[in-house]
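# A look at the structure
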Amino acid sequence: MWHKIHDIWNNNTTVVENYAFMTILQVLNICFYLLIYPFLIRVLGAESYGLYAFALAIVTLFITFVAFGFDLPAAKKIAENAENKEEMSRVLSEVTTTKIFLEIIALVIYAGLFLVLQRMQDNALLFAIVFTQTITNIVFPQWYFQGVQRMRVVTYIQVALKIATLPFIFWLLRSPDDCWIYALIVSASSVAGGVIAWLIVRLKDGLQMRYVGIPAVWRSIKGAAPFFLSNVTGVIKEQGIVLLTGQFLGMSEVAIYDLANKIIIIPRTIFSKLNDALYPKMMAQPSPTRRKKILIGEIAVGLGAIALIAALGYWAVLILGGREMMASYPVSVILSVTILTWLVAGALIDFYIIPSGKVYYITVNQIIAMTTTFLIAGLGLYFFHSVYALAASLAVAGIVEIGYCSYVVLKNRMR
């Protein structure tokens, strides 16, 4: 028995390591920004920091556009051809060339926004610096390292650079006027990480980069379109609330929302991995009874997470932001409902809808959730003009997601 367990472990060590480093990377990224948050909010102030968060929300939409859903299918191709450098070079060249074309389009659109948005014109340097983070999506092929199951490389690079930025952050930031310096430090470290990763791929792994023609670019875009549509709806929903907050309520409210989001994102990230961990076993050994038990268990975990945020969120806001940011506490409690959504709707999708083969319901669900979010947000702004109403739009949309997925499961008798 011991030898059997030992063999199973040895055969899956790389998979476990890759998964662990992916999770660690996410958690460390979150913890890093929580670590420096008290310093940032006190030195830069809510208004200036909120402006940075507002700029980043806009740029995140462009990052998603440049990424365009290539990463998952590209990682799959790399994994299938891990011993074939010629094929891996072809995939790298195709994805990179296509992203460069999309980056040019993104740059043109972003420049156009400067002509119509006064806020961008008034803070041109900040918005220009933050936009450079889109370059990282091209030069840092994280999907490649995921495909060859070496996510530890990505983790080492990002953790090392984040630690290296700390002295510059604490040394150079002195007032709200230094917000652009913070943006420069974050953006420069992001691009530097991409350059290091690119050098590893080119020099250590020996992959070649070649220009590919328009037909190959178009083929890549068509193949990645379903993944892009799946990703972009969620990003628009999340970042759209930040943009609405900044546009109609002000940058201080953006900072309030941002802190609340930071508080709930760690438990949401950790708990959302439950379905990822359970998925392989559930696919290999499907069981209606086990599915129901998992669903009930995840409802309990989600409700427990909400109770945890309600009990500890006040002190988290006080420690991180001080009394001036206490409005973030009720916002964090409202947003904690999304933890329940990620768990329950995720379980219904992963364990019921996907195995049934009717995956088009997933896209419909995302469209309904996005539409509900902006409908409730619009009504909330009109009647209440409050950041609480905008946070509630995400919570209500999450409940609608659970309701719709439950309806689909029952209607199609998915067992």
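Parameters and conventions
- Residues numbered from 1 in each chain as written.
- Predicted model: local features only at pLDDT ≥ 70, side-chain atom pairs only at ≥ 80, totals over all residues.
- Heavy atoms only, no water.
- Helix = DSSP H or I, 4+ residues; strand = E, 2+ residues; numbered from the N terminus.
- Rg over C-alpha atoms; globule rule 2.2 N^0.38 Å.
- Buried < 20%, exposed > 50% of the residue type's maximum accessible area, 1.4 Å probe, protein only.
- Contact = heavy atoms within 4.5 Å.
- Lys, Arg positive; Asp, Glu negative; His and termini not counted.
- Charge placed at Lys NZ, Arg CZ, Asp CG, Glu CD.
- Core = buried A, V, L, I, M, F, W, Y, C linked by side-chain atoms within 4.5 Å.
- 1 Å grid on protein atoms, 1.4 Å probe; cavity = no way out; pocket = protein on both sides within 12 Å on 5 of 7 lines; lining within 4 Å.
- Points joined across faces, edges and corners; volume = space filled by probe spheres on them.
- Polar contact = N/O pair within 3.5 Å; in protein donor to acceptor, adjacent residues only side chain to side chain.
- Axes fitted to C-alpha atoms, helices over the stretch in contact; angles between N-to-C directions.
- Parallel < 35°, antiparallel > 145°, perpendicular 65-115°, else oblique.
- Left-handed = near helix turned anticlockwise from the far one by under 90°.
- Nonpolar A, V, L, I, M, F, W, Y, C, P; charged D, E, K, R; others polar.
- Arc of directions from axis to C-beta.
- pLDDT = per-residue confidence, 0-100.
- Patch = residues over 30% accessible without salt bridge, like charges linked within 9 Å, V, L, I, M, F, W, Y side chains within 5 Å.
- Areas by Shrake-Rupley, 256 points an atom, 1.4 Å probe, with all protein chains shown as cover.
- Salt bridge = Lys/Arg side-chain N within 4 Å of Asp/Glu carboxyl O.
- Phe/Tyr/Trp six-rings, centres within 6.5 Å; stacked < 30°, edge-to-face > 60°.
- Lys NZ or Arg CZ within 6 Å of the ring centre and 35° of its normal.

A few words on the overall build of the protein. Summing up its helical and strand segments, the protein has 17 helices and zero strands in all. In terms of overall dimensions, the protein is globule-like: its C-alpha atoms have a radius of gyration of 22 Å, near the 22 Å expected for 415 residues. Looking at the protein as a whole, 49% of its 415 residues are labelled buried. Counting contacts in the protein only where the partners sit at least 6 residues apart, residues at least 24 apart contribute 84% of the total. Taken together, the 31 basic and 22 acidic charged side chains of the protein have centroids lying 10 Å from each other.

This part is about the nonpolar core. In this structure, Tyr 110, Phe 127 and Tyr 182 are the most contacted members of the largest nonpolar core, which totals 69 residues. With 12 residues, helix α2 (residues 45–67) is the largest single contributor of residues to this core. In contact with Tyr 182, not counting residues within four places along its chain, are Tyr 33, Ile 36, Leu 40, Leu 44, Tyr 52, Ile 169 and Leu 173. Judged by nonpolar contacts, the second largest core, of 31 residues, contains Met 88, Leu 102, Phe 140 and Phe 228.

Residue position: Ile 214 is located in helix α11 (residues 214–248). With a relative accessible area of 49%, Ile 214 lands in the partly exposed category. Taking the C-alpha atoms as reference, Ile 214 lies 53 Å from Glu 324; in sequence the two are 110 residues apart.

Before going further, it helps to spend a moment on unusual backbone geometry. Residues apart from glycine generally show negative phi values, whereas peptide bonds are mostly found in trans. With a phi close to 50 degrees, Phe 68 is a non-glycine residue in the positive phi region. Among the structural elements, Phe 68 can be located in the loop between α2 and α3 (71–80). In this model, His 385 sits at a positive phi of 50 degrees, which is unusual for a non-glycine residue. When you line up the elements, His 385 lands in the loop between α16 (360–383) and α17 (387–411). Judged by relative accessible area, which is 49%, His 385 ranks as partly exposed.

Turning to the environment of Leu 343, a few remarks are in order. Along the chain, the position of Leu 343 falls in helix α15 (residues 337–356). Note on Leu 343: relative accessible area 0%, which makes it buried. As for Leu 343 and Phe 54, which are separated by 289 residues in sequence, their C-alpha atoms are 28 Å apart.

Bringing the layout of surface pockets into the picture now. The calculated volume of the second largest pocket comes to roughly 200 Å³. Along the wall of the second largest pocket there are 13 residues; nearest its centre are Tyr 352, Val 409, Leu 410, Met 414 and Arg 415. Residue assignment for the lining of the second largest pocket shows that the elements contributing at least two residues are α13 (288–321), α15 and α17. A per-element tally of the lining of the second largest pocket places α17 first, with four residues.

Here we come to the side chain of Ser 393. Its location among the elements puts Ser 393 in helix α17. Side-chain polar atoms of Ser 393 contact the backbone oxygen of Leu 390, separated by 2.5 Å. If sequence neighbours within four positions are ignored, Ser 393 has contacts with Ile 241, Thr 373, Ile 376 and Ala 377.

What follows is about the packing of α15 against α17. Where α15 contacts α17, the axes come no closer than 9 Å and their chain directions differ by 20 degrees. Taken together, α15 and α17 sit at an angle that is classed as roughly parallel. Crossing angle aside, the handedness with which α15 passes α17 is left-handed. In this structure, α15 contributes Val 337, Thr 338, Leu 340, Thr 341, Val 344, Ala 345, Leu 348, Ile 349, Tyr 352 and Ile 353 to the contact, and α17 contributes Leu 394, Ala 395, Gly 398, Ile 399, Glu 401, Ile 402, Cys 405, Ser 406, Val 408 and Val 409. Among the residues forming the contact of α15 with α17, the class breakdown is 15 nonpolar, four polar and one charged.

What follows is about helix α14 (residues 328–335). Looking at α14, one finds that the buried residues are Ser 328, Val 331, Ser 332 and Leu 335. Buried positions in α14, seen along its axis, are confined to an arc of 100 degrees and lie on one side of it.

Next up on the list: the confidence of the model for the protein. Taken over all residues, the pLDDT of the protein has a mean of 87, while the share at 70 or more is 91%. No element of the protein has a lower mean pLDDT than helix α1 (residues 2–43), at 65, and none a higher one than helix α6 (residues 124–131), at 97.

Take a nonpolar patch on the surface next. Residues Leu 375, Leu 379, Tyr 382, Phe 383 and Phe 384 make up a contiguous nonpolar surface patch of about 660 Å² in total accessible area. Turning to its location among the elements, Phe 383 is positioned in helix α16.

It is worth spelling out the packing of α6 against helix α10 (residues 179–204) at this point. Axis separation between α6 and α10 bottoms out at 9 Å; the angle between their running directions is 10 degrees. Taken together, the axes of α6 and α10 lie roughly parallel to each other. In contact with Leu 125, Leu 126, Ile 129 and Val 130 of α6, α10 contributes Cys 179, Trp 180, Ala 183, Leu 184 and Ser 187. Residues of the contact of α6 with α10, tallied by class, amount to eight nonpolar, one polar and no charged.

Summed over all chains, the structure comprises nine salt bridges. For Glu 80, the salt bridge goes to Lys 76, with nearest N and O atoms at 2.6 Å. Pair noted here: Glu 80 and Lys 76 are both in helix α3, with a separation of four residues, about one helical turn. By relative accessible area, which is 52% here, Glu 80 ends up exposed. Two residues, Lys 237 and Glu 401, come together in a salt bridge whose shortest N-O distance is 3.3 Å. In this pair, Lys 237 is assigned in helix α11 and Glu 401 in helix α17, connecting sequence segments 164 residues apart.

Applying the stated criterion to the full structure yields 18 aromatic pairs. An angle of 85 degrees between the planes, with centres 6.3 Å apart, marks the rings of Phe 65 and Phe 68 as edge-to-face. Phe 68 gets classed as buried once you look at its relative accessible area, which sits at 8%. Put simply, the rings of Tyr 37, Tyr 49, Tyr 52 and Tyr 182 touch in pairs and so form one group of aromatic residues. Sitting above the plane of the Phe 54 ring, Arg 119 keeps its charged end 5.5 Å from the centroid.

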